[in-house]
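Descriptive analysis of the structure
Read off the chains here:
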Amino acid sequence: MLNRAVTTPASKQRSTIPTISAILITLFVAVIAFAAGSRAQMYGYIDSGSNKNSSSQGLPDDLDYTEVESLYDTLKQQYDGELTQQELEDGLKKGLAEATGDDYTVYLTEDEAKEFSDDLNGTFTGIGAEIGLKDDAIIVISPLNGFPAEAAGLRSGDAILKINDEETFGMSVEQAVTKIRGEKGTTVVLTILRDGQQQEVSIVRAEINVPSAEWEIKDGIGVLTVSRFSEDTTELTARAAAEFKAAGVKGVVLDLRNNGGGFLSAAVDVAGLWVENVPIVEEREGSGKVVTETLKADDGAPLAGIPTIVLINQGSASASEIVAGALNDYEVATLLGETSFGKGSVQALEELRDGGVLKVTVARWYTPKGNNIDKNGIVPDVKVELTDEDFLAKRDPQMDKALQQLQ
């Protein structure tokens, strides 16, 4: 079976602090994903035979592996190092996926696939802190409330100099996250710099569950933050909409910033909170002339007619752009913030017999007005930047502007 996914790998996200910051329980939209992004992706199942790519029909039924076998024999006889059969076979599969030249078509090993799925579902093992890169230093953006990093005394602004005695200079955020994460109950020791003084902080890793959506009411305005489109997103956002409706909010802010994507079906459901029985997204194959599927929202649109602002930025990708694009096309929401990432393709996840997963691009998606935003992104109606300095100082001019406009 295939899972349909619309996410962006983290490695493809633009490198600003608000975009590359990563919770130490995830690689944001997951390094393997989708990130950027991609960390990323949850899906609706589709039949594995429903996506025949006509452009591939000229390929043979089977590849000629004669030269591959020859290369294998040479490696086995001459390579000065250790080789394992599993690593070589995984390398072959990864190479086939990479040969497509598509950043979003990748082979995930069984372990990578499990980590990918856990990231998407918001269940992780780590310390519960958000980190970023500032002036080539790994810094703590924020420890998450109620998790081990906060309990151990980690603070916003702490610079992480070492992870278990390994210096972090030159590390990417993704590399640091990978080293800080680990099995539940194990300890990671961080050497931090705070107020000019070095100190060691020992933190016991724990299992951390992060919901995909959170909400609150601020001065009569409902604020709904969706961090990814996951298995729990439809239920959580429906609850938020019901609470907003019952409270008689005068406006809604839908915060999709740094949301790298997720389940296509969840994105359609979220858009359905504002519009009903209308196309949300079209999937097209090949030249774009063949419409393979039109997905419609049918959730009763409980928030229809309520003034709405959608916050987007460079980390808003894929499923986030589907929601933002649809609500903007139907003129039921104003987009505020910065131009979104620009990912206009849909992936399917096919489980393989070895436990691995092939994530493969199966179609391109288009907004209701027929726009594909691949590589261009969606330009907001109201441009408001959020700088690195704003983020580190916990200022949010984008949210402030949205709330001001809805008053």
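Here, the structure is the one placed above.
Scope of this entry: the structure provided in the associated data block. (Residues numbered from 1 in each chain as written. Predicted model: local features only at pLDDT ≥ 70, side-chain atom pairs only at ≥ 80, totals over all residues. Heavy atoms only, no water.)

**Let's talk about the overall build of the chain**
Helix and strand counts for the chain stand at eleven helices and 23 strands. Counting all 407 residues of the chain, 48% fall into the buried class. For the chain, the accessible surface area stands at approximately 19100 Å², while carbon and sulfur atoms represent 46% of it. (Helix = DSSP H or I, 4+ residues; strand = E, 2+ residues; numbered from the N terminus. Buried < 20%, exposed > 50% of the residue type's maximum accessible area, 1.4 Å probe, protein only. Areas by Shrake-Rupley, 256 points an atom, 1.4 Å probe, with all protein chains shown as cover.)

**A few points about a nonpolar patch on the surface**
Together, Leu63, Tyr65, Val68, Leu92 and Leu96 make up an exposed nonpolar region whose accessible area comes to about 440 Å². For Leu96, the position within the fold is in helix α3 (residues 85–98). When its relative accessible area of 47% is taken as the criterion, Leu96 is described as partly exposed. (Patch = residues over 30% accessible without salt bridge, like charges linked within 9 Å, V, L, I, M, F, W, Y side chains within 5 Å. Salt bridge = Lys/Arg side-chain N within 4 Å of Asp/Glu carboxyl O.)

**Things to note about the pairing of strand β15 (residues 251–255)**
Among the five residues of β15, five are classified as buried, and the element is accordingly described as predominantly covered. The side-chain alternation of β15 yields two buried faces, one formed by Gly251, Val253 and Asp255 and the other by Val252 and Leu254. Where strand β14 (residues 221–226) and β15 come together, five bridges link them in parallel fashion. Among the inter-strand pairings, Ile221 is bridged to a residue of β15, identified as Gly251. Read from β14 through helix α7 (residues 233–247) to β15, the crossover connection turns out right-handed. When β15 meets strand β19 (residues 308–312), the two strands line up parallel, connected through four bridges. Opposite Val252, over in β19, you have Thr308 as the bridge partner. (Pairing = 2+ DSSP bridges. Right-handed = clockwise from strand over helix to strand, strands pointing away.)

**Topic: the packing of α7 against helix α8 (residues 264–271)**
The contact between α7 and α8 brings their axes to 9 Å, and the two run at 10°. In terms of orientation, α7 lies roughly parallel with respect to α8. In this structure, α7 contributes Thr233, Thr234 and Thr237 to the contact, and α8 contributes Ala266, Asp269 and Val270. The residue inventory of the contact of α7 with α8, partitioned by class, reads two nonpolar, three polar and one charged. (Axes fitted to C-alpha atoms, helices over the stretch in contact; angles between N-to-C directions. Parallel < 35°, antiparallel > 145°, perpendicular 65-115°, else oblique. Contact = heavy atoms within 4.5 Å. Nonpolar A, V, L, I, M, F, W, Y, C, P; charged D, E, K, R; others polar.)

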